[in-house]
Structures are given as structure tokens and as C-alpha cells.
There are 2 protein chains.
Amino acid sequence: MKRAKQKIFQDYIARQGLKSTRQRDIILDAFLSSDRHLSIEELYLKLRAKHPNIGYATVYRTLKLFAESGIAREIHFGDGQTRYEHVSEGEHHDHLVCTGCGTIIEFENESIEKLQDEVAVAHGFLIKHHKLELYGLCAKCRP
Amino acid sequence: MKRAKQKIFQDYIARQGLKSTRQRDIILDAFLSSDRHLSIEELYLKLRAKHPNIGYATVYRTLKLFAESGIAREIHFGDGQTRYEHVSEGEHHDHLVCTGCGTIIEFENESIEKLQDEVAVAHGFLIKHHKLELYGLCAKCRP
DNA sequence: TTGTTATTGATATTCACTTTCATCACAGCC
DNA sequence: GGCTGTGATGAAAGTGAATATCAATAACAA
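Note that the coordinates shown come from a computational prediction; the quantities given were computed from them, not determined experimentally. (Residues numbered from 1 in each chain as written. Chains lettered and ligands numbered in written order. Predicted model: local features only at pLDDT ≥ 70, side-chain atom pairs only at ≥ 80, totals over all residues. Heavy atoms only, no water.)

## Some thoughts on the UniProt feature "binding site: Zn(2+)" (unreviewed entry) in chain A
Residues and elements named next belong to chain A. Cut-off, in case you're wondering: UniProt positions are given in the numbering used here, feature names are shortened, and annotations may be inferred rather than shown by experiment. Strands here are runs of E lasting at least two residues and helices are runs of H or I lasting at least four, both read from the DSSP assignment and numbered beginning at the N terminus. What makes two residues a contact is simply this: any of their non-hydrogen atoms within 4.5 Å.
Following the UniProt record, the feature "binding site: Zn(2+)" (unreviewed entry) maps to Cys98, Cys101, Cys138 and Cys141 here. The largest pairwise C-alpha distance within this set of annotated residues, which runs over 44 residues, is 8.2 Å, so the set is compact in three dimensions. In this fold, Cys101 is placed in the loop between β4 (94-98) and β5 (104-107). Beyond its immediate chain neighbours, meaning those up to four positions away, Cys101 contacts Cys138 and Cys141. Along the chain, Cys141 falls in the segment after β6 (126-137).

## A few points about the sheet that holds strand β1 (residues 38-39) of chain B
Residue and element names in this part refer to chain B. Selection criterion: Paired strands, as defined in this entry, are two strands with at least two bridges between them according to DSSP.
On the basis of which strands lie adjacent, the open sheet formed by three strands has the order β1-β3-β2 and antiparallel pairing. Every interior strand has two partners, whereas the edge strands, β1 and β2 (72-76), have only one. In this structure, β1 lies alongside strand β3 (residues 82-86), joined through two bridges in antiparallel fashion. Pairing of Leu38 across the sheet is with Tyr84, part of β3.

## Some words on the UniProt feature "binding site: Fe cation" (unreviewed entry) in chain A
Residues and elements named next belong to chain A. As a reminder of what qualifies: With a 1.4 Å probe rolled over the protein chains alone, any residue whose accessible area is under 20% of its type maximum counts as buried; one over 50% counts as exposed, and the rest are partly exposed.
Within the UniProt annotation, "binding site: Fe cation" (unreviewed entry) is assigned to His92, Asp94, Glu113 and His130. A maximum C-alpha distance of 10.3 Å is found for the annotated residues, which run over 39 residues; spatially they form one tight group. With respect to the secondary-structure elements, His92 resides in the loop between β3 (82-86) and β4. With relative accessibility at 25%, the residue His92 sits in the partly exposed group. Within the element layout of this structure, Glu113 appears in helix α5 (residues 110-122). Overall, the relative accessible area of 22% leaves Glu113 in the partly exposed class. Sequence-distant contacts of Glu113, defined by excluding residues within four places in its chain, comprise His92, Asp94 and His130.

## Some points on a negative patch on the surface
All names here are of chain A. Under the convention used in this document: Grouping into patches uses exposed residues only, defined as over 30% relative accessible area, and leaves out salt-bridged ones; the cut-off is 9 Å for like charges and 5 Å for nonpolar side chains (Val, Leu, Ile, Met, Phe, Trp, Tyr). Only the protein chains shown count as cover for residues, and all accessible areas are computed by the Shrake-Rupley method using a 1.4 Å probe. Take a side-chain nitrogen of Lys or Arg and a carboxyl oxygen of Asp or Glu: if they are within 4 Å of each other, that pair is a salt bridge. Charge convention: Lys and Arg are scored as positive, Asp and Glu as negative, and His as well as the terminal groups of each chain are ignored. Positions of charges follow a simple convention, taking NZ of Lys, CZ of Arg, CG of Asp or CD of Glu.
On the surface, a cluster of negative charge is contributed by Glu108, Glu110, Asp117 and Glu118. Tracing the backbone through its elements, the reader meets Asp117 in helix α5. Residue classification places Asp117 among the partly exposed positions, given a relative accessible area of 45%.

## Here's the deal with the sheet that holds β5 of chain A
Let me state the cut-off plainly: Only C-alpha atoms enter the line fits that serve as axes; for helices the fit covers just the stretch in contact. Angles between N-to-C directions range over 0 to 180 degrees.
On the basis of which strands lie adjacent, the open sheet formed by six strands has the order β5(A)-β4(A)-β6(A)-β6(B)-β4(B)-β5(B) and mixed pairing. Both edges of this open sheet fall to β5 of chain A together with β5 (104-107) of chain B, since each of them pairs with a single strand only. The mean inter-strand angle of the sheet, taken between neighbouring strand axes irrespective of direction, is 20 degrees. On top of the sheet, α5 of chain A reaches β4 and β6 of chain A together with β4 (94-98), β5 and β6 (126-137) of chain B; it is set at about 130 degrees to β6 of chain A, its chief contact. In this fold helix α5 (residues 110-122) of chain B packs onto β4, β5 and β6 of chain A together with β4 and β6 of chain B, with an angle of close to 130 degrees to the strand it touches most, β6 of chain B.

## A look at the side chain of His37 of chain B
Residue and element names in this part refer to chain B. Stated precisely, the cut-off is as follows: We define a polar contact as two N or O atoms separated by no more than 3.5 Å, with the added condition that, inside protein, one atom must be a possible hydrogen donor and the other a possible acceptor, whereas residues neighbouring each other in sequence contribute only through side-chain atom pairs.
Tracing the backbone through its elements, the reader meets His37 in the loop between α2 (22-32) and β1. Side chain to side chain, His37 and Glu106 meet in a polar contact 3.1 Å long. Not counting residues within four places of it along the chain, the set of residues in contact with His37 comprises Glu42, Ile75, Arg83, Tyr84, Glu85, His95, Ile104 and Glu106.

## Describing the relation of the copies chain B and chain A
What counts, and what does not: Superposing the copies works by least squares over the C-alpha atoms of residues that have pLDDT at least 70 in both of them.
The two copies are related by a screw operation: chain B maps onto chain A through 179 degrees of rotation and 0.0 Å of translation along the axis, at an RMSD of 0.2 Å. What we have between these two chains is a two-fold relation. Ranked by how close their C-alpha atoms come to the rotation axis, the residues of chain B are headed by Leu132 of chain B, at 2.2 Å. Counting the interface residues of chain B, we find that 100% of their copies in chain A are interface residues as well, pointing to one common contact surface.

## A few points about the domain arrangement of chain A
Residues and elements named next belong to chain A. How we decide: Just so you know, the domain bounds were taken from an automatic or database domain assignment. Put simply, buried area is the surface a 1.4 Å probe can reach on two separate parts but cannot reach once they are joined, added for both. Charged residues are taken to be Asp, Glu, Lys and Arg, nonpolar residues to be Ala, Val, Leu, Ile, Met, Phe, Trp, Tyr, Cys and Pro, and polar residues to be all remaining types, Gly included.
Split into domains, chain A comes out as domain 1 (2-86) and domain 2 (94-136). Inter-centroid distance (C-alpha atoms) of domain 1 to domain 2 is 25 Å. Both faces combined, the contact of domain 1 with domain 2 buries some 550 Å², and carbon together with sulfur accounts for 54% of it. Its largest share of buried area at the contact with domain 2, domain 1 owes to His37, His76 and Phe77, together 78% of the area lost on that side. A salt bridge links Glu106 to Arg36; the nearest nitrogen and oxygen atoms lie 2.9 Å apart. Here the residues of the side of domain 1 that touches domain 2 sort into two nonpolar, two polar and two charged.

Right, here's the structure in full:
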């Protein structure tokens, strides 16, 4: 899994005529072995502990590269920060976001997707992607 | 409809011990008689034509008040701008966003909502609100 | 009318990126 | 191994939208 994504990224780098660098390796490793919904800031701070010489801009640029290469995806939960989540081949999921503790749970629901397609067709739309987020309190936070 | 919302807002203002001002009346009027998905900037520019003395900050603060009073709701489509849409009593809708021309179409789908509730229950979540956006090309923009 | 308090609008500040640019480090070629 | 030509890096400056500040002003109650 982790190895597969490393390969996808290395291939992407090579295909684009870009270079493999120490920083990119470190950031990729940190990203792949982390929680699935990190903001740039969070990943930067996490890296800083072990690699104080890696700059914010590099983390920022590298996460963008991950997204371009297909191993990550940008997500926005409306808190003003861009987050990156792991992407697995052919997989799509939506989110349950706890407004109490910030926990994010992923889910997939085939029936919802199908209904979305119907809505799109009814309006003559050609869907590229979608975003479904349910906000509320998780089992631990609810009263 | 428009009158009802004006009343809701006036009541909210009164209840909070706030004041009724010329600017708020003007902004409320412009908001209610506008397109349903305006950004602060857009509403500000629209107002500027007739009322060049109204400041950006006032529009910003007033829109926030609208949201607090319940007649408007903030929405984010990931383009970096906060938009405000009209809210009607007990109504909820989702969006089809055309990435070609920016057109936004609203839709409601009872079945999807029901499935969302099921997902939430399955994860022990207590849903407060949700967000469903379908991005793609509208009938006019699709190839 | 007056006093109190909220509001306004110009401006400054914050925040989260995003770009710039001089320096550095890969990768290919002797 | 040493050169060399790019792309990469990191510190710092720049952006754009949102938010805060504050002196001047306008509502409203008495």
C-alpha cells in the first residue's frame, strides 16, 4: 500500500522530468504514515520535530505534487485550512465531521452516489466529482 | 416572502438590543432582491453603484448578522470566497455547481437525506447539518 | 435635547496560503 | 571522480479575503 504509492509518486516525478530529493522522500514518508486528514501546517509541524531544516513552502509544494500525482487529494472542511487525504485507486468516500472534537470518519454509500447521478441527469449535468459532508457530534461527543 | 424575512431580521435586531440603521435596510433590500449566491465582494460592488458611501466592512458585518438572524447562510464552494444564500423556513437544499460557467443550481432530494441519516445512525453520529455539492458541467457547458 | 451606546467606514491587521529569488543539490556527461 | 545544466529549496516578501481597530457618527430612550 505504502510502497505502491511511493512508486506512483516516483513514477510521476520521473515522467514530469522532476527530481527525486531528500525532502520529498521525507515528506512522502511522513504523509503516508500519518493520519488521513492533515493540513499543511500540521504536517509541517510534525516534520519540524525531526527535520527542522525543511521549510513550510517545501511541504506546501510537495503536498500539491502529491495531489497532482494522484496519491493525495485536497479537502476543505470550511475551517479555513486546506487538508490533504490519502487517495486509493478507484476509491471514493465522504466524511462525517465531528464539530465537537474534530474527528473525521470516512464512509462510502453506493445508494447515495446513485441518487446523486440521477439528480445530475435530471438537470442535464455531467458530474466530475462531488463532496458530501455530514457535520454533527460523534458518539463520544453527543450529549 | 421578502417581507417575512425583513420582519425576521427586524425582530432579531430588536431582540438583541441592536439598532435599525439606514445601511442595514439598504443592504437587506439588496440582498433579498438579488441572486441567491452572492459573495461579500459581489454584494458590496452591487451596492456601491447606488450607495458609494457604504463600506465593505459594513456589508461584511451585516451579512454575518443576516446569518445569525436565520435569513441567510454562509456557503463555501472552495473558490476562496464566502458566499451567502437565502434561507427559507424549514427548507434545505444542496447544490449543483458548474465548473465551466459558475452557474449554481439548487436541488432537494428526500431520499438522499434519508440515506444520510442512516449513515449517521450507523456511526453513532448526531447530525447538525450537512453539505452536498455536485461539481461538473451544466447542460450548456458540457461538450 | 441630551446622554448613552451601537454603528459606521477608513484603515490596519491577520491568516493561510502563494510567489520570488538567490543558493543549493540532483542527474547526466565526460 | 569532477563539470554542468536544471530543477529544488527555504527565507522572506507578496496576495487576497476576512476580521479587528478606532475615532467619528447616528439611533434610541429618557
